[in-house]
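# Structural description and commentary
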Amino acid sequence: FIENYFKQLGLLTERPRAEFTNIVDKGSTITYTEQGGQSISLKGNAVNLSGTGKLTAPFSYVGLGLDGQIPTNSLKGKIALMQRGQLTFSEKLANAQAAGAIGVVIYNNVAGPLLNVTLSKQTSIPVLGLSQADGEKLRDELRVNKNLTGELNANVVSEIFKMTNVVGVRPANKENAPILIIGGHYDSVPAGPGANDNASGTALVMEIARVLQGSYPGYELRFIAFAGEEIGLAGSSDYVRQMSQDEIARVTAMINIDMISVGSQLYAGGAPELTKLAFTAANAEGITNIQPIPKGLEGASDHFPFQEAGIPVLFLNREADPNYHLPGDTADKVQPERLAQVGKIVIKVIDGLIKN
């Protein structure tokens, strides 16, 4: 559908195929014995790209696992327990590993299980997610018994998945022209229909392609619907890997649109120049409730592989969706005026970038 829409606009289309590894949880658990002697078994959910295996070791609670919060070597030979929030899962893992952790357990900071989360790259150690209730139960037991030892079993297998990105290109009127990329992912999680996350972003990428098809002839415009964002930024990472160094050098900006149709709080972040343009554009549209992207979301979507390649990026997002990754993420929740606001911001950002 996306490809056909791009074709109707006269764009050059392609659907580059990508193969990538994803893990499937076959039943992961955390077990321990309470101080009173009762055996406890908690259902874990393997974080995507977790290592596999079973280990027995002491648990250690380290809060949010923030930079500098974990003393050097304090987790040597231990399983780190931490709460979700403020840092990405990869940053939490890195902090725990730096202190010697051999396993990591992250529990949710809202009610319900920790599902459909991912690391930025494969790790060799087990990383499991727990529900908020189970995580707090284990945390409270550790406050009573600081020497609590238990078993972490990450029962996961790897599978190869095949997906395609969908790309529409409006060529420039000259060779070796600068490139602008506007993108958003079109996949959703199994639990959610994905109307806001991220049909909203995909739809806006398609609409911006329609609006800009005759604009900025000196620039090559690329409109991309990415696959596999929810399982580790797979589609965008693969797209960047296939870009030549010449292409990367010619990209003026990559603008990523993810979850923008629900909630009033708008976030913008990325390269300072692009972020400043976004704030200026939002104010021009009468949008005053725009804030910098929270630290924990800076690497959480498809702009990140481009940023890692040295490309200036802008990430636009509305985070406060009560139906995030849930069955309630349906089309009736979408607020068209929210899409329009972000679309106007993107147009103004591009216009300001080119004029500057």
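Given the structure is predicted, the values throughout are model-derived calculations rather than measurements.

Sheets are built from strands paired through backbone hydrogen bonds, the pairs being either parallel or antiparallel. If you trace the eight strands from one edge of the open sheet to the other, you get E1-E11-E13-E12-E14-E17-E15-E16, paired in mixed fashion. The outermost strands of the open sheet, each flanked by one partner alone, are strand E1 (12–14) and strand E16 (290–292). With strand direction ignored, the average angle separating the axes of adjacent strands in the sheet is 20°. Sheet contacts for helix H5 (residues 234–242): strand E11 (166–170) and strand E13 (220–226); angle to E13, the most-contacted strand, approximately 145°. Those strands touched by helix H7 (residues 272–284) are strand E14 (251–258), strand E15 (266–270), E16 and strand E17 (313–317), and its axis lies near 155° from that of E15.

Let's shift gears to the pattern of salt bridges. Scanning the entire structure with this criterion turns up 12 salt bridges. Between Arg15 and Glu3 there is a salt bridge, with the nearest N and O atoms lying 3.6 Å from each other. Pair noted here: Arg15 is in the loop between E1 and strand E2 (17–25) and Glu3 is in helix H1 (residues 2–8), with a separation of 12 residues, a long-range link. Since its relative accessible area comes to 44%, Arg15 is described here as partly exposed. Note that Asp238 is salt-bridged to Arg241, the shortest N-O span being 3.4 Å. Of this pair, Asp238 and Arg241 both sit in helix H5, three residues apart, which is roughly one turn of the helix. Overlapping salt bridges, with partners in common, bring together Arg139, Asp140 and Arg143 in one network.

Right, let's get into the packing of aromatic side chains. Applying the stated rule across the entire model yields four aromatic pairs. Ring geometry for Tyr32 against Phe59: centres 6.5 Å apart, planes inclined by 75°, an arrangement best described as edge-to-face. One end of the pair, Tyr32, is in strand E3 (residues 28–33); the other, Phe59, is in strand E5 (residues 53–61), and 27 residues separate them in sequence. According to the relative accessible area criterion, Phe59 is buried, its value standing at 2%. Taking 6.4 Å as the distance between ring centres and 75° as the angle between the ring planes, the aromatic pair formed by Phe226 and Tyr239 counts as edge-to-face. Of the two residues, Phe226 sits in strand E13 while Tyr239 sits in helix H5, which places them 13 residues apart along the sequence. Tyr239 gets classed as buried once you look at its relative accessible area, which sits at 9%. Put simply, the rings of Phe226, Tyr239 and Phe306 pair up and form one aromatic cluster.

About the cut-offs
Residues numbered from 1 in each chain as written. Predicted model: local features only at pLDDT ≥ 70, side-chain atom pairs only at ≥ 80, totals over all residues. Heavy atoms only, no water. Pairing = 2+ DSSP bridges. Helix = DSSP H or I, 4+ residues; strand = E, 2+ residues; numbered from the N terminus. Axes fitted to C-alpha atoms, helices over the stretch in contact; angles between N-to-C directions. Contact = heavy atoms within 4.5 Å. Salt bridge = Lys/Arg side-chain N within 4 Å of Asp/Glu carboxyl O. Buried < 20%, exposed > 50% of the residue type's maximum accessible area, 1.4 Å probe, protein only. Phe/Tyr/Trp six-rings, centres within 6.5 Å; stacked < 30°, edge-to-face > 60°.

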